[in-house]
Amino acid sequence: MNKKRLIISLLAIITVVGATVGSYVYRDTIYSRIARTAAVVSGQAIKPLLDSESRYIRQIVAQDNSTSRTIMWQSDNSESDAIIEYRQDGTDTIQTINATDKAFTDDGSTTYIHEATLTGLTPNTKYEYRVGYGTDRRSDWYRLETAGASVYDVLIYPDSQSGDYSQWEEIVKSSALRNPRTALYISMGDLVDNGEQAYQWRTWLNSIKPLSANVPLATTLGNHEMYTLDWKMREPYAYLNYFAVPPNGNEIFNRRYYSYDFGDVHYIVLDTMLYESNHEDNHDTHHPDLYDVQVQWLHQDLTTNTKKWTVVLMHRDPFQYAFDRPGANRAIGFDDEGVLFMPIFDEFNVDLVLSAHLHSYRNRGHVRNFDRDLSGPLYILTGIAGDARRPKWKEHPLDVYVAPDRDKNNYMTMTVTPNKLIVKAFLPDGTQLDESVIEK
Ligand SMILES: [Fe+2]
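Residues numbered from 1 in each chain as written. Predicted model: local features only at pLDDT ≥ 70, side-chain atom pairs only at ≥ 80, totals over all residues. Heavy atoms only, no water.

Next up on the list: the coordination of the iron ion. Every protein donor of the iron ion is accounted for by Asp190 (OD), Asn223 (OD1), His315 (NE2) and His357 (ND1), and the metal-donor separations fall at 2.1 to 2.2 Å. Each of the four donor atoms around the iron ion contributes to a set of angles spanning 90 to 162°, which defines the coordination as irregular. When the donor residues of the iron ion are listed from N- to C-terminus, their spacing reads D-x32-N-x91-H-x41-H. Here Asp190, found in the loop between strand E12 (182-187) and helix H4 (198-207), pairs with His315, found in the loop between strand E16 (309-314) and strand E17 (319-320); they are 125 residues apart in sequence, far enough to count as distant. With respect to class, Asp190 is no different from His315; both count as buried. (Donors = N, O, S within 2.8 Å, 3.2 Å for Na, K, Ca; no water. Tetrahedral: all angles 85-135°; square planar, octahedral: opposite > 155°, others 65-115°. Helix = DSSP H or I, 4+ residues; strand = E, 2+ residues; numbered from the N terminus. Buried < 20%, exposed > 50% of the residue type's maximum accessible area, 1.4 Å probe, protein only.)

Structure follows, in structure tokens:
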């Protein structure tokens, strides 16, 4: 062992001991401390980031994903000179943009959020990017591929809210492994059980690691994102800070509903949280006009949509189910969200409507004017991908497939092709439950 190597080894040991006994054991893995120390000691120009400087590096959908993409990550301390570097695959020209350094405090813990949107990208093209600070601290390079391919795969995850997130973590890991070409992944809302609890967000943001740095995420707002620690309603502060989805032009409801284009599909993400937003005793969340404003926006958005396919993502299901237990008196039919939004989906020939919230996978087939009609949108209730089981629901007359075991989780895939949308549901072990093909 030469002298330089001996010094590096000694410093590594000191770092490990320091990390173990000091507070850093909670903030950085020993591996990230050793890698940084080794880079400093050996005089490398670029030093790797510590874990505490590079948490949850993630891609978020931008409005037009063929030319733009949002990158976010977090650090435990303020970093005023946060940047993103990117380059087209196979080229050496690196472009650099500045990212934010925004302190976000919730549930007694503070994190610094860095975000920026890359724009002016070339469609259907492979890039790589890395994040960092100043001139000498950088993450690894991650891949980024712009939309534009005529065929691509999507992973879709229903409610992941959990007491113990291990089942959800396993679903992300195994489904990502099984679908290595995934170009986009979608969360249907109720990502976490309690939207104020910081540890749940840390767990959730860690759980998406098999996808997050290399594949863009589109989130949907669920009711559980709107709960305080004592289960009252609040604005979905943490959700809105952690997912910089595209703006919708409305200052009050910004990021709560939005739309984006990916290939030849226009995705519309609705905010179905009127109940959570309509409490007169809580000025913070009193927004009785949420649906009026959104219906106006939806008309405008669908009028200007030029894509071949239109897919709607909404947390609350537009169908109404009755509890399968004695004395339950909720009628089977359509709920307020269905009565309000389904005629608009009919009018604009939406192809597919995905929903969640009821923790049950159900395919209701094509429906127009509240009845079976092959010319109407296909309605799929996406199921459950966490450990929060709900009471059993009775069958709806329009159900064409119901997952047989309500104690089992599931995930979904969608393959987009020039003339088909192929939608499938799977058990966590990869067993296929259901398949639908929409042709146009
Ligand atoms: Fe929900």
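The next thing to look at is the pattern of salt bridges. A complete count under the given rule lists 21 salt bridges for this structure. Among the ionic pairs, Arg362 bridges to Asp399, the shortest N-O distance being 2.9 Å. Of this pair, Arg362 sits in strand E20 (residues 361-368) while Asp399 sits in the loop between strand E22 (378-382) and strand E23 (401-402), placing them 37 residues apart in sequence. Considered together, Arg362 and Asp399 belong to a single accessibility category, that of buried residues. Residues participating in the shared-partner salt-bridge network are Arg36, Glu53, Glu79 and Arg137. (Salt bridge = Lys/Arg side-chain N within 4 Å of Asp/Glu carboxyl O.)

Following the sequence through the fold, Asn241 ends up in helix H6 (residues 237-242). In contact with Asn241, other than residues within four places in its own chain, are Met72, Lys102, Phe104, Ile113, Glu115 and Arg255. (Contact = heavy atoms within 4.5 Å.)

As a further point, take the sheet that holds strand E3 (residues 69-75). On the basis of which strands lie adjacent, the open sheet formed by 10 strands has the order E6-E7-E3-E2-E13-E12-E11-E24-E25-E26 and mixed pairing. The strands lining the two open edges of the sheet, one partner per strand, are strand E6 (102-106) and strand E26 (432-439). Strand-to-strand, the axes of this sheet are offset by a mean angle of 30°, without reference to chain direction. Across seven bridges, the pairing between strand E25 (residues 420-426) and E26 is antiparallel. Each residue of the ladder has a partner; that of Leu421, found in E26, is Ile438. Packing against the sheet, helix H3 (residues 166-178) makes contact with strand E11 (152-157) and strand E24 (411-416), and its axis sits at approximately 170° to E11. (Pairing = 2+ DSSP bridges. Axes fitted to C-alpha atoms, helices over the stretch in contact; angles between N-to-C directions.)

This part takes up empty space enclosed by the protein. Applying the stated criterion across every chain yields a total of one cavity of 30 Å³ or more. Lining of the largest cavity is provided by His359, Ser360, Tyr361, Ile384, Ala403, Asp405, Arg406, Lys408, Asn409, Asn410, Leu427 and Leu433. Along the lines of polarity and charge, the residues of the lining of the largest cavity split into five nonpolar, four polar and three charged. (1 Å grid on protein atoms, 1.4 Å probe; cavity = no way out; pocket = protein on both sides within 12 Å on 5 of 7 lines; lining within 4 Å. Points joined across faces, edges and corners; volume = space filled by probe spheres on them. Nonpolar A, V, L, I, M, F, W, Y, C, P; charged D, E, K, R; others polar.)

This part covers the UniProt feature "domain: Purple acid phosphatase N-terminal" (unreviewed entry) in the protein chain. In the UniProt entry, the feature "domain: Purple acid phosphatase N-terminal" (unreviewed entry) is given for residues 62-146. Counted over residues 62-146, helix gives 0% and strand 55%. Its end C-alpha atoms are 10 Å apart. (UniProt positions renumbered as here; feature names shortened; annotations may be inferred.)

Another point: the side chain of Asp351. Considering the arrangement of structural elements, one finds Asp351 in the loop between helix H8 (336-347) and strand E19 (352-355). Discounting chain neighbours no more than four positions away, the residues touching Asp351 are Lys308, Trp309, Thr310, Pro377, Leu378, Leu421, Ile438 and Lys440.

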